[in-house]
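Coordinates in review
Residue strings, one per chain:
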Amino acid sequence: MAVTCPKCRFENPSDTRFCGNCAAPLHPEEEKPHSPTTTLQTPVHELTTGSTFAGRYQVIEELGRGGMGRVYKVFDTDIKEKIALKLLRPEIALDRETVERFSNELKLARKISQRNVCRMFDLGKSEGTTFITMEYVHGEDLKSMIRMSGSLSLGMLLAVGRQAADGLAEAHGLGVVHRDLKPQNIMIDRNGNAKIMDFGIARSVREKGITGPSVMIGTPEYMSPEQAEAKEVDARSDIYSLGVILYEMATSRVPFEGETALSVAMKHKGEAPKSPRSLNPNLPADLSAVILKCLEKDKAKRYQAAVEVK
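Structure report, in brief. All values derive from a computational prediction rather than experimental measurement.

With that out of the way, let us pick up the overall build of the protein. When helices and strands are counted, the protein shows 10 helices and 13 strands. In the protein, which comprises 310 residues, the share counted as buried stands at 49%. Within the protein, counting contacts between residues at least 6 apart in sequence, those at least 24 apart form 56% of the total.

Laid out in structure tokens, this is it:
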């Protein structure tokens, strides 16, 4: 029997504790009260190679940085494995509401156990800083591969596209929507396996965006029209973003570009994309049609599930 979210009225599976749409607790009476006092500390901004963080994570190297913070490869001395640790920016870590949403989201994301989704482990706090631990994937992100190679081979495009669709299908089946799917969030390991990163993170962050204050947005080049309009987002929004990624793999270009986030968003909302086949004549016509169907402005006209894209 479905459980209706008391906050947004979204219908959730009966065994879900947190809403798949807004991450609100479905059974708030079961939630433990927050401690009335907290200890203020100066947040850690970055970690040094060779240091130990939180008493158990030996820092090996920095893997990258972005809007969320810095990501490190670390050795977890408790479980004796290399994992990835994302150190959140202090302004995010100090926002209690955002951290609570992270916690709720990660409880959902941890249920995803599928080979094409990077596993999320835990949300922790140490030295005044909030961090997230996750599976370490030895490889390269898809965006970097596209930059180096231009349009990818048909075989590579199909392989990555199918695996991404598999990962999305598993997550969507559990009520988890990514909301910021982009090639930077897809890692390709040494064996050619694709893994989607950062499930359970994207929609937790509120920032001043193109649609007004405190509106959650994705990355402009990959966001769906409904995200650009700050409307309700569901699995079909991820399918739109997957379409943008397929388009970029096929042509080495995103469908829409602009000088500002607003100009890009306006194009997603109202401008038809060029046929990817017009930019890459070697692309099969049926694959070009699949990509364009993912990019329909009206989500009712898109594929309704990731398995259909596959």
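Next comes the rest of the description.
With that out of the way, let us pick up the packing of aromatic side chains. Inspection of every chain in the model, using the stated rule, returns 2 aromatic pairs. Measuring from ring centre to ring centre gives 5.3 Å for Phe53 and Phe131, while their planes differ by 75 degrees; the resulting arrangement is edge-to-face. Of the two residues, Phe53 is situated in strand S3 (residues 52-53) and Phe131 in strand S8 (residues 129-135); the sequence distance between them amounts to 78 residues. Side by side, Phe53 and Phe131 carry an identical accessibility label, which is buried. An angle of 75 degrees between the planes, with centres 5.7 Å apart, marks the rings of Tyr57 and Phe131 as edge-to-face. Linking Tyr57 in strand S4 (residues 57-65) with Phe131 in strand S8, this pair joins segments that are 74 residues apart in sequence. Neither residue differs from the other here; Tyr57 and Phe131 are each classed as buried.

Where strand S7 (residues 120-126) meets S8, 6 bridges bridge the pair, whose relative direction is antiparallel. Within the sheet, the bridge partner assigned to Leu123 lies in S8 and is Ile132.

Here we take up the environment of Val74. Tracing the chain through its elements places Val74 in strand S5 (residues 69-76). Note on Val74: relative accessible area 0%, which makes it buried. Beyond its immediate chain neighbours, meaning those up to four positions away, Val74 contacts Tyr57, Gln58, Val59, Ile60, Glu81, Lys82, Ile83 and Leu85.

Of all hydrophobic cores here, the largest spans 57 residues; its most connected members are Leu142, Phe199, Leu242, Met249 and Ile291. If you tally residues by element for this core, the top one is helix H6 (residues 235-251), at 9 residues. In this structure, Tyr57, Val74, Leu85 and Leu87 belong to the second largest nonpolar core, which totals 10 residues.

Moving on, we come to the sheet that holds S8. Spatially, S3-S4-S5-S6-S8-S7 is the arrangement adopted by the 6 strands of the open sheet, whose pairing is antiparallel. Because the sheet does not close on itself, it has two edges, and the strands there are S3 and S7. Helix H2 (residues 96-109) rests against strand S6 (81-88), S7 and S8 of the sheet, and its axis sits at about 155 degrees to S7.

Thresholds applied
By convention here, each chain's residues receive numbers from 1 onward along its written sequence. Owing to the predicted nature of the model, reporting of local features is limited to residues with pLDDT of at least 70; listing and counting of side-chain atom pairs is limited to 80 or more, with chain, interface and lining totals taken over all residues. Derived side-chain values reflect all non-hydrogen atoms in the structure, with water molecules and hydrogen atoms excluded from consideration. The helix and strand labels rest on DSSP assignments: H or I over at least four residues marks a helix, E over at least two residues marks a strand, and numbering proceeds from the N terminus. The rule is simple: take the accessible area with a 1.4 Å probe, protein chains only, and divide by the maximum for that residue type; under 20% is buried, over 50% is exposed, in between is partly exposed. Any two residues whose heavy atoms approach within 4.5 Å are treated as being in contact. Stacked, edge-to-face and tilted are the three classes for Phe, Tyr and Trp ring pairs, Trp counted by its six-membered ring, which pair at centre distances within 6.5 Å; planes under 30 degrees apart are stacked, over 60 edge-to-face, the rest tilted. Here the rule is simple: two strands pair whenever DSSP picks up at least two bridges between them. Only buried residues count toward a nonpolar core, which is a set of Ala, Val, Leu, Ile, Met, Phe, Trp, Tyr and Cys residues joined through side-chain atoms within 4.5 Å. Here an axis means a line fitted to C-alpha atoms, over the contact stretch when the element is a helix, while the angle between two N-to-C directions is reported on a 0 to 180 degree scale.

So far we have only geometry, and geometry alone does not tell us how the molecule works.
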